[in-house]
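# Reading the structure
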Amino acid sequence: MKDNKSLIEIKNLKMYFPIKRGLINKRIDYVKAVDDVSFEIKKGETLGLVGESGCGKTTTGRTIIKLYESTDGQIIYNGVDITRFNQSKMTPYRRKMQMIFQDPYASLDPRMTVGDIIGESIDIHKLMGGKERTERIQYLLERVGLNSEHANRYPHEFSGGQRQRIGIARALAVEPEFIIADEPISALDVSIQAQVVNMLEELQDDLGLTYLFIAHDLSMVKHISTRVGVMYLGKMVELAESNELYKKPLHPYTQALLSAIPIPDPDQSEAKERIVLEGEIPSPINPPSGCRFRNRCKYATAKCAEQEPELKDIGGGHKVACHLYDK
Ligand SMILES: Nc1ncnc2c1ncn2[C@@H]1O[C@H](COP(=O)(O)OP(=O)(O)OP(=O)(O)O)[C@@H](O)[C@H]1O
Ligand code: SF4
Ligand SMILES: [Mg+2]
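So, here is what we can say about the structure in this document. Note that the structure is a prediction, hence the values are computed from the model and not measured. (Residues numbered from 1 in each chain as written. Chains lettered and ligands numbered in written order. Predicted model: local features only at pLDDT ≥ 70, side-chain atom pairs only at ≥ 80, totals over all residues.)

### Quick word on the nonpolar core
- Counting residues in hydrophobic clusters, the biggest one holds 77 residues, and the most contacted among them are A169 and F213.
- Other than its neighbours up to four places away in sequence, A169 contacts I118, L140, L141, R143 and V144. (Core = buried A, V, L, I, M, F, W, Y, C linked by C-beta atoms within 7 Å. Buried ≥ 20, exposed ≤ 12 C-beta atoms within 10 Å, placed from the backbone. Contact = placed C-beta atoms within 7 Å.)

### A word on the sheet that holds strand 9 (residues 227–232)
- Pairing within the open sheet is mixed, and its 8 strands lie in the order 6-7-8-3-9-10-12-11. Edge positions in the sheet fall to strand 6 (97–100) and strand 11 (312–313), since each of these pairs with one other strand and no more.
- Bridging between strand 7 (residues 178–182) and strand 8 (residues 210–215) involves 5 bridges; their strand directions are parallel. Across the sheet, the residue bridging to A181 is F213, located in strand 8.
- Running at roughly 105° to strand 9, helix 9 (residues 252–259) makes contact with strand 3 (46–50), strand 9 and strand 10 (235–241) of the sheet. (Pairing = 2+ DSSP bridges. Helix = DSSP H or I, 4+ residues; strand = E, 2+ residues; numbered from the N terminus. Axes fitted to C-alpha atoms, helices over the stretch in contact; angles between N-to-C directions.)

### Details of the pairing of strand 9
- Burial analysis of strand 9 places 6 of its 6 residues in the buried class, the great majority of the element.
- Along strand 9, one buried face is formed by R227, G229 and M231 and the opposite face, lined by V228, V230 and Y232, is buried too.
- By the bridge criterion, 4 bridges tie strand 3 to strand 9 in an arrangement that is parallel. Counterpart to V50 in the pairing with strand 9 is V230.
- Where strand 9 lies against strand 10, 6 bridges are found, and the strand directions are antiparallel. Directly across from G229, in strand 10, lies its bridge partner L239.

### Re the site of ligand 2
- Close contacts around ligand 2 come from 13 residues, with C291, R294, C297, C304 and C322 the closest.
- Taken together, the residues that form the shell around ligand 2 break down as 10 nonpolar, 2 polar and 1 charged. (Near = placed C-beta within 6 Å. Nonpolar A, V, L, I, M, F, W, Y, C, P; charged D, E, K, R; others polar.)

### Some points on the site of ligand 1
- Around ligand 1, 13 residues are found, and the nearest of them are F17, A33, S53, T58 and T59.
- Elements that contribute at least two residues to the shell around ligand 1 include exactly strand 2 (26–42) and helix 1 (57–64).
- Of the residues forming the shell around ligand 1, the biggest block, 3 residues, is contributed by helix 1.
- For the shell around ligand 1, the class distribution of residues is 5 nonpolar, 7 polar and 1 charged.

### Looking at the environment of G44
- Within the fold, G44 resides in the loop between strand 2 and strand 3.
- With 19 C-beta atoms counted inside 10 Å, the residue G44 sits in the partly exposed group.
- Residues G44 and T210, 166 residues apart in the sequence, show an inter-C-alpha distance of 4.4 Å.

### Considering unusual backbone geometry
- The residue K66 is not glycine, and still its phi comes out positive at about 60°.
- Considering the arrangement of structural elements, one finds K66 in the loop between helix 1 and strand 4 (72–77).
- Given 20 C-beta atoms within a 10 Å radius, K66 is considered buried.
- Located in the positive-phi region is L233, a residue other than glycine, with phi close to 45°.
- Locating L233 in the fold gives a position in the loop between strand 9 and strand 10.
- Here L233 falls in the buried class, since 23 other C-beta atoms lie within 10 Å of it.

As structure tokens, this is what we get:
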């Protein structure tokens, strides 16, 4: 159930990866994968996170659950600042926060049975053993639309969609509160994508889960997201309620992303102008000054090169980082 409390609050999060070169491994620069990003995820909501490849979506997710040690900023989970928690202090939080991965082929160990894949985190967190563990695994398999007998089989015996269901069962095994789904449907056939999204929604309603749902394409997050954040080159450039963002995209980058989504109705399709983004995505090692989108933006002015636009609420929780909306 949605309430207004935040489960996750991210404040000025930075994740810089050092680049080392030469014989003495001298650090010469940083990849600024996530560069001063702030947002919150309310309990029971789904925050969609979109943007082109390399904009920092996965790094944001992995830094939130502390698979990476953040360079700067704060990660607050249910009111507790976990940013600098060590391994042992993180243990209870590791259970509360789980991840579902893009590639259901690479993310499941081919030498383990499905039962052991799902049971592994139950064992790590010493939640239960024996008959109780077996029954829990069987329950989880059925919960994600598989068969309890599948526990004794190996991942290669399943289709992509079924493997993703196994990945979801694994994430659910330890009764998490928060799930980061990192492009969970991108590798699946279009016909199966909707089934997996629907299942994730049902699970959310039944179990009161909170999701961060990552995708590179806005059309994939539209249905499932309460709010959507758009990232560009390590920055959050727009954040709004899902319907609002689709109806009234403000940032020129969001407008371009939306214009690339095909419309099934040919009459409407003609009316829609397709915005083609020119220019390369700059390097996150040495991003442009001011607005990072400026070399691809048709509205760019001198101010855009000089001053970085801040992510500001322009009303009703619709936030945008663009000088076009400066007062
Ligand atoms: N472990 C790492 N070490 C160094 N650089 C990294 C590391 N992980 C990611 N990067 C770099 O950080 C930037 C952001 O990468 P990230 O994987 O977060 O992007 P993404 O938005 O998830 O992209 P995709 O849609 O391709 O999954 C990229 O330039 C990437 O090369
Ligand atoms: S700040 Fe300037 S360059 Fe950046 S998106 Fe807005 S108009 Fe374009
Ligand atoms: Mg990624």
